[in-house]
Amino acid sequence: MDDFQGRRTDGSTNESTNESRDGSAADDRLAELFAFLRRRITGDYEVDEFGFDPELNEKVLLEALRPLYRRWFRAEALGLGNVPADSGALIVANHSGTLPVDALMLQVAVHDELSRPLRLLGAHLVYQLPVLGHLARKSGHTLACPEDADRLLRKGEVVGVFPEGFKGIGKPFSERYRLQRFGRGGFVASAIRAGVPIVPCAIVGAEEIYPKVGDLPALARLLGLPYLPITPLFPWLGPLGLLPLPSKWLIEFGEPIRTDEYAPEEADDPMLVFDLTDHIRETMQRQLDALRLRRGPAFPPIVM
């Protein structure tokens, strides 16, 4: 009898302790939320020259993306040691998926796995859209122009670029994991001028989230868009068609390509820039092919 009562007493004590801890944690989160809101209202937060708001990025924007990265896509980041821990670098990644979700997932990977903000270079169209352009600036991104890229790299930031641009994310599903033509190599010239390494990055998984099987070019031109896709779910299911399919993602950072062996003025040599751009593209295609084989099925069975 006494022993039974003692166990009940101990159990009750443990339950009370757990409830107390849960309540304390909830109180801490609530206090943190109020403190965050107070700083936003009073303007007591920092924004850099590009409009980057680190606190908003960490507490709100990235927090909204993490469930997609961790649970929906079950993303894994590989080769993390190839990205410098405390100096500038240019990450060059493949672009795909109809909508630029891969850019957002790469941002989460660099921030959460490497504890560094990723400063993405985006197309002009992004910054012409009122809400999206504002949020992109708050996330630390800026226009894909040499001036901004040079300034960020010289500050020691990790900068990300997708040289395929809309050609990459807008390609049909039949051309998945085939790199499209890169631009004129402006990203290579920026890396040479700053003397920072170029890190080729392969992203496998984005190709399957919105398989593009068709296009509506006339309507796209009317809306001022580079393309308007048709997928197995969109536009047939309306807003539900925008839900990405839960493919398995791998993000691999390849071996850095050094640029500090070149003099800054060699960034103006078009043949050097072209050759290095072509070399990076070939390296990334091999990396993509190998990573796709390593991943296996895009939708592996879930093991309970």
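Residues numbered from 1 in each chain as written. Predicted model: local features only at pLDDT ≥ 70, side-chain atom pairs only at ≥ 80, totals over all residues. Heavy atoms only, no water.

Novice: Give me the UniProt feature "domain: Phospholipid/glycerol acyltransferase" (unreviewed entry) in the chain: which residues, what numbers.
Specialist: On the UniProt side, "domain: Phospholipid/glycerol acyltransferase" (unreviewed entry) is annotated at positions that read residues 89-206 here. Between the C-alpha atoms that bound residues 89-206 the distance is 23 Å, and the span itself is 42% helix and 19% strand. (UniProt positions renumbered as here; feature names shortened; annotations may be inferred. Helix = DSSP H or I, 4+ residues; strand = E, 2+ residues; numbered from the N terminus.)

Novice: Help me get a handle on unusual backbone geometry, residues and values and all.
Specialist: The omega torsion across Phe-234 and Pro-235 is 10°, close enough to zero to call that bond cis. Here Pro-235 shows up in the loop between strand E8 (229-230) and strand E9 (250-253). Despite not being glycine, Ser-115 has its phi angle at roughly 60°, a positive value. Relative to the assigned elements, Ser-115 resides in the loop between helix H3 (101-114) and strand E3 (118-122). Within the chain, Tyr-177 stands out as a residue other than glycine whose phi angle is a positive 60°.

Novice: Give me the lowdown on the nonpolar core, citing residues and values where you can.
Specialist: Inside soluble globular proteins, nonpolar side chains tend to come together where they are buried. Counting 32 residues, the largest nonpolar core has Leu-90, Val-92, Phe-187, Val-188, Ile-198 and Ile-280 as its most contacted members. Broken down by secondary-structure element, the contributors of at least two residues to this core are strand E2 (89-93), helix H6 (146-154), strand E5 (158-161), helix H8 (186-194), strand E6 (198-204) and helix H10 (270-295). The element that contributes the greatest number of residues to this core is H10, accounting for seven residues. (Core = buried A, V, L, I, M, F, W, Y, C linked by side-chain atoms within 4.5 Å. Buried < 20%, exposed > 50% of the residue type's maximum accessible area, 1.4 Å probe, protein only.)

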